[in-house]
Amino acid sequence: MAKRIYRAVLVKKVDVNELLAGAEGRLILGCDAAKDKWYGVWMNERSDVLRTMRWDLVDDCEDVLNLCRRLRQKGIQVEAAAEPTGTYADAMVGKLLDAGFDVFRVSAKHAHDYQEIYDGVPSGHDAKSAAIVAKLHLERGPKSRPWQRPTSERRELRVAADELDWIKQDEQRCLSRLESRLARHWPELARALELTTVTAVELLAAYGGPAAVAADDEQAEKRMRRWGRGALRADKIAHVVATAGRTVGEPMLEAERQQVQNLAVAMKELRSKRKDAEQKLEQLTNAQPHLAPISKMVGVATAGILTARLGDLREYGSVRALVRAPGLNLREQSSGKKKGQLTITKRGSAVARRWLFLAALRWLQTDAVAKAWYQAKLKRNGGVGLKAVIALMRKLLAALYHIAREKKYDARKLFDCRRLQLPA
């Protein structure tokens, strides 16, 4: 490989005639996307690097577009390729698409694995990444696909899905902090009441700690009955108030009491925001009639999040392709006589995996066939529950793949019921 091949010049200094001399009718602009500083490699069909350039996304975007236009005016077919690096590539890709250029999405996994193959050096940097993207696009196949802009409906759905997921994560963090502090100061409360219940959160938001509850025991019992709306037994309420006066926990400082109180208030606010976000997401999901069968299977909110993160499930060519999308496909690392364990790749949406996990757990509670298969899988795995749930998640995706195509759900077609010894 030629010396200093990765040396980049500013886009303003790129010589169009130099590119035309080696173009042969078609040029690939391989891009390494970034928040600010982009690198691009011009490559011809023989995989020759004609020029490596760099530009600032904000200041030099129009210069890149003008360079591409000048090449097109000279009869050169210009194709751009980039990796889907979160949101960083979207602005530049959008400008290229608006200007009428073909843009392709190159697999980030293939680009990473190709580093040493490309030049014999297992290192990576911006200019080399741009060259690899251009090279992989030339090879095409599954490594490079046309860049599809999401529809406005999916973008709106994605916003609502992100908002709900962020709120739920904040709520979980807040709950974890509450649990840790109550374990120090009032461990009996978590045994008597789930900390996620309205009564527990309201009690902590009102009092902050056991000493304050014990000092106002009669009023605390009345308020707990009101918060519980008749669902809490009188003896349980009395037990909670009694533990406040004889807790084994460490006595609270005033600052510690206020901290717990603030966490509980934050939990209340997050719960209210979550309900609003769920309602908004459900409205957007229900506005797309083709999602109704999926919503019936996994719930409206989960159907909306899966569509926002994975796209239209009808567009996947196979169940295997759909399983790969959230990174639930398996991989094995073995060498010689050592055989590694199978693990999921996690090369996909973590948000989709998280919501699929919860959907699979709910599925267990409502489908006898799925539950029987899970229990048999659990037994074969030696009691490792997580592996069995992940396997069930793949089964759930297979069901959704067919349901999205308006096929009727039939658990006996999804599972091998002959081994489960279920009644006919």
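Residues numbered from 1 in each chain as written. Predicted model: local features only at pLDDT ≥ 70, side-chain atom pairs only at ≥ 80, totals over all residues. Heavy atoms only, no water.

Q: Sorry, what's going on with unusual backbone geometry here?
A: Excluding glycine, residues mostly carry a negative phi; peptide bonds, for their part, are mostly trans. In the Ramachandran plot, Lys346 falls in the positive-phi region, its phi being about 60° despite a non-glycine side chain. Within the fold, Lys346 resides in the loop between strand 9 (342-344) and helix 17 (350-366). Take Lys346: its relative accessible area is 53%, and that puts it in the exposed class. At Glu406, a residue that is not glycine, the phi angle is positive and equals roughly 60°. As for its placement among the helices and strands, Glu406 is situated in the loop between helix 19 (385-403) and helix 20 (411-414). Owing to a relative accessible area of 73%, Glu406 belongs among the exposed residues under this scheme. (Helix = DSSP H or I, 4+ residues; strand = E, 2+ residues; numbered from the N terminus. Buried < 20%, exposed > 50% of the residue type's maximum accessible area, 1.4 Å probe, protein only.)

Q: Would you mind going over the side chain of Ser144 with me for this structure?
A: Checked against the element boundaries, Ser144 lands in strand 7 (residues 144-146). Within the local environment of Ser144, its side chain forms a polar contact with the side chain of His137, the two groups lying 2.8 Å apart. (Polar contact = N/O pair within 3.5 Å; in protein donor to acceptor, adjacent residues only side chain to side chain.)

Q: Explain the sheet that holds strand 6 (residues 102-106) to me, please; I cannot follow it from the model alone.
A: Within a beta sheet, neighbouring strands are joined by backbone hydrogen bonds and run either parallel or antiparallel to one another. With mixed pairing, the 7 strands of this open sheet are ordered in space as 1-4-3-2-5-6-7. The open sheet terminates on both sides in strands that have one partner only, identified here as strand 1 (9-10) and strand 7. The pairing of strand 6 with strand 7 spans 3 bridges and is classified as antiparallel. Within the sheet, the bridge partner assigned to Arg105 lies in strand 7 and is Arg145. Lying over the sheet, helix 1 (residues 16-23) contacts strand 2 (26-32), strand 3 (37-43) and strand 4 (49-56), oriented at roughly 140° with respect to strand 4. (Pairing = 2+ DSSP bridges. Contact = heavy atoms within 4.5 Å. Axes fitted to C-alpha atoms, helices over the stretch in contact; angles between N-to-C directions.)

Q: Looking at this structure, how should I read the packing of helix 7 (residues 152-185) against helix 13 (residues 254-286)?
A: Between two packed helices, both the angle of their axes relative to each other and the distance between the axes serve to describe the pair. Between helix 7 and helix 13, the least distance of the axes is 8 Å, while the angle of their chain directions is 155°. On the basis of the axis angle, helix 7 is roughly antiparallel to helix 13. Pair helix 7 / helix 13 crosses with left-handed handedness. Of the residues in the contact of helix 7 with helix 13, the class split is 17 nonpolar, 3 polar and 14 charged. (Parallel < 35°, antiparallel > 145°, perpendicular 65-115°, else oblique. Left-handed = near helix turned anticlockwise from the far one by under 90°. Nonpolar A, V, L, I, M, F, W, Y, C, P; charged D, E, K, R; others polar.)

Q: Is there a simple way to think about the side chain of Arg353 in this case?
A: Within the secondary structure, Arg353 sits in helix 17. For Arg353, which is buried and forms no salt bridge, the nearest opposite charge comes from Asp165, at a distance of 11 Å. Excluding anything up to four places from it in sequence, Arg353 contacts Pro326, Gly327, Leu328, Ile344, Lys346, Arg347, Gly348 and Met393. (Lys, Arg positive; Asp, Glu negative; His and termini not counted. Salt bridge = Lys/Arg side-chain N within 4 Å of Asp/Glu carboxyl O.)

Q: Explanation requested: helix 15 (residues 300-310) in the structure shown.
A: Side chains of residues three or four places apart in an α-helix project in the same direction, reflecting 3.6 residues per turn. Counting buried positions along helix 15 gives 9 out of 11 residues, so the element sits mostly inside the fold. Taken residue by residue, helix 15 has Ala301, Thr302, Ala303, Gly304, Ile305, Leu306, Thr307, Ala308 and Leu310 as its buried positions. Where helix 15 is buried, its residues contact helix 7, helix 13, helix 14 (292-298), helix 16 (319-324), helix 17 and helix 19. After helix 15 finishes, the residue Gly311 shows a positive phi value of roughly 85°.

Q: Mind showing me how you'd approach the packing of aromatic side chains here?
A: Aromatic ring pairs are defined here through the distance separating the ring centres and the angle between the ring planes. Tallied over the full model, the rule gives 5 aromatic pairs. The structure contains a cluster of three or more aromatic residues connected by ring pairs, namely Trp363, Trp373, Tyr409 and Phe415. When the ring centre of Phe101 is taken as reference, the NZ or CZ atom of Arg72 above it lies at 4.1 Å. (Phe/Tyr/Trp six-rings, centres within 6.5 Å; stacked < 30°, edge-to-face > 60°. Lys NZ or Arg CZ within 6 Å of the ring centre and 35° of its normal.)

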